[in-house]
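A look at the structure
One letter stands for each residue in the lines below.
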Amino acid sequence: MPKHITKILAYLRKHIVVVGILCGLVVTFGAGAVFAAVKTQSDLVLSYSSTGQPVDQPFSVSLGQVVASIDNVSIEPKVDGSWEYHADALGVTGLEFHPAKEFSPGQTYTARVTGIKRHITGSNDSVEVKFTTEEAPGVLHFSLPSKD
């Protein structure tokens, strides 16, 4: 075997732990980058409660993936309140609307999310979700008085 190859193999044997760690880091970070790219480009799969939304609780929407940013969110009929974005290290993962006062019982609302920017492609998506609040909050049961 040539002398220079013998020296390289001797060096690798001597430093096998360092070489193994470096190879492991390259594989781990490469897999992480691929996972992050896939996680930010799949279809939006919204998760929210479409019926029976409690009138005294915030309305939450999970995007089912991470997006770079969201330009605008609105709710109709108009309700005073504030939107809060949920995020992780890669971007926005969901939103939550906190009404200033309770939602109206038995009302159907439409939440519009526009300007959903994707990380890699930069595409600009919009979604619309409808939800209905609970009919009679706080009523556990009732009965008619008996006729005596």
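Only a predicted model underlies this, so the values are computations on that prediction, with no experimental measurement involved. (Residues numbered from 1 in each chain as written. Predicted model: local features only at pLDDT ≥ 70, side-chain atom pairs only at ≥ 80, totals over all residues. Heavy atoms only, no water.)

Notes on the overall build of the protein
How we decide: Only runs of H or I of at least four residues qualify as helices and only runs of E of at least two qualify as strands under DSSP, and these elements are numbered from the N terminus. Under the scheme applied here, a residue whose accessible area is under 20% of the maximum for its type counts as buried, over 50% as exposed, and between as partly exposed, the area being computed with a 1.4 Å probe on protein chains only. Whether two residues are in contact is decided by their heavy atoms: any pair within 4.5 Å suffices.
Looking only at helices and strands, the protein has two helices and six strands in total. The secondary structure elements of the protein, listed N-terminal to C-terminal, are α-α-β-β-β-β-β-β. Considering the protein as a whole, with its 148 residues, one finds that 22% of them fall into the buried category. Intrachain contacts of the protein at a sequence separation of at least 6 include 60% that bridge at least 24 residues.

Some thoughts on the confidence of the model for the protein
Rules: You can read pLDDT as the predictor saying how much it trusts each residue, on a scale of 0 to 100.
Mean pLDDT over the protein stands at 84; residues scoring 70 or higher make up 86%. The least confident element of the protein, judged by mean pLDDT, is helix 2 (residues 16–39) at 69; the most confident is strand 5 (residues 108–117) at 95.

Points about the sheet that holds strand 5
Heads up, the condition is: Strands qualify as paired when DSSP identifies two bridges or more between them. To get an axis, a line is fitted to the C-alpha atoms, and for a helix only the part in contact is used. The angle between two axes follows their N-to-C directions and goes from 0 to 180 degrees.
Judged by pairing direction, the sheet is antiparallel, and its three strands sit side by side in the order 2-5-6 without closing on themselves. This sheet does not close on itself; its edge strands, each paired only once, are strand 2 (69–76) and strand 6 (124–132). Neighbour to neighbour, the strand axes of the sheet diverge by 15° on average, direction disregarded. In this structure, strand 2 lies alongside strand 5, joined through seven bridges in antiparallel fashion. Counted as the bridge partner of valine 73 is valine 113 from strand 5.

Details of empty space enclosed by the protein
Test applied: In this analysis a 1.4 Å probe is tested at points of a 1 Å grid over the protein atoms alone, and where it fits but cannot get out there is a cavity; an open set with protein on both sides within 12 Å along at least five of seven lines is a pocket; lining residues have an atom within 4 Å of a point. Grid points are joined across faces, edges and corners, and a volume is the space filled by probe spheres set on the points. Three categories are distinguished: nonpolar for Ala, Val, Leu, Ile, Met, Phe, Trp, Tyr, Cys and Pro, charged for Asp, Glu, Lys and Arg, and polar for the others, with Gly belonging to the last.
Throughout the structure, instances matching the rule amount to one cavity of 30 Å³ or more. Approximately 30 Å³ is the volume attributed to the largest cavity. Lining the largest cavity we find Leu46, Val61, Leu95, Ala111, Val113, Val127 and Val129. When residues of the lining of the largest cavity are traced back to their parent elements, those giving at least two are strand 5 and strand 6. Classifying every residue of the lining of the largest cavity by side-chain character gives seven nonpolar, no polar and no charged.

Quick look at the environment of glycine 52
Turning to its location among the elements, glycine 52 is positioned in the loop between helix 2 and strand 1 (59–67). Under the relative-accessibility criterion, glycine 52 is labelled partly exposed at 41%. Considered as a pair, glycine 52 and proline 105 are 53 residues apart in the sequence and their alpha carbons are 9.3 Å apart. For glycine 52, the residues in contact, after removing those within four places along its chain, are Thr132, Thr133 and Glu134.

Overview of the pairing of strand 4 (residues 91–99)
Regular strands place their side chains on alternate faces of the sheet. Of all nine residues in strand 4, seven are buried; the element is thus mostly enclosed. Alignment of strand 1 against strand 4, held across five bridges, turns out to be antiparallel. Bridge pairing links serine 60 to glutamate 96 in strand 4. Sheet topology places strand 3 (residues 81–88) next to strand 4; eight bridges connect them, and they run antiparallel. Bridging from a neighbouring strand, serine 82 pairs with histidine 98 of strand 4. Two successive antiparallel strands, strand 3 and strand 4, enclose a turn made up of two residues.

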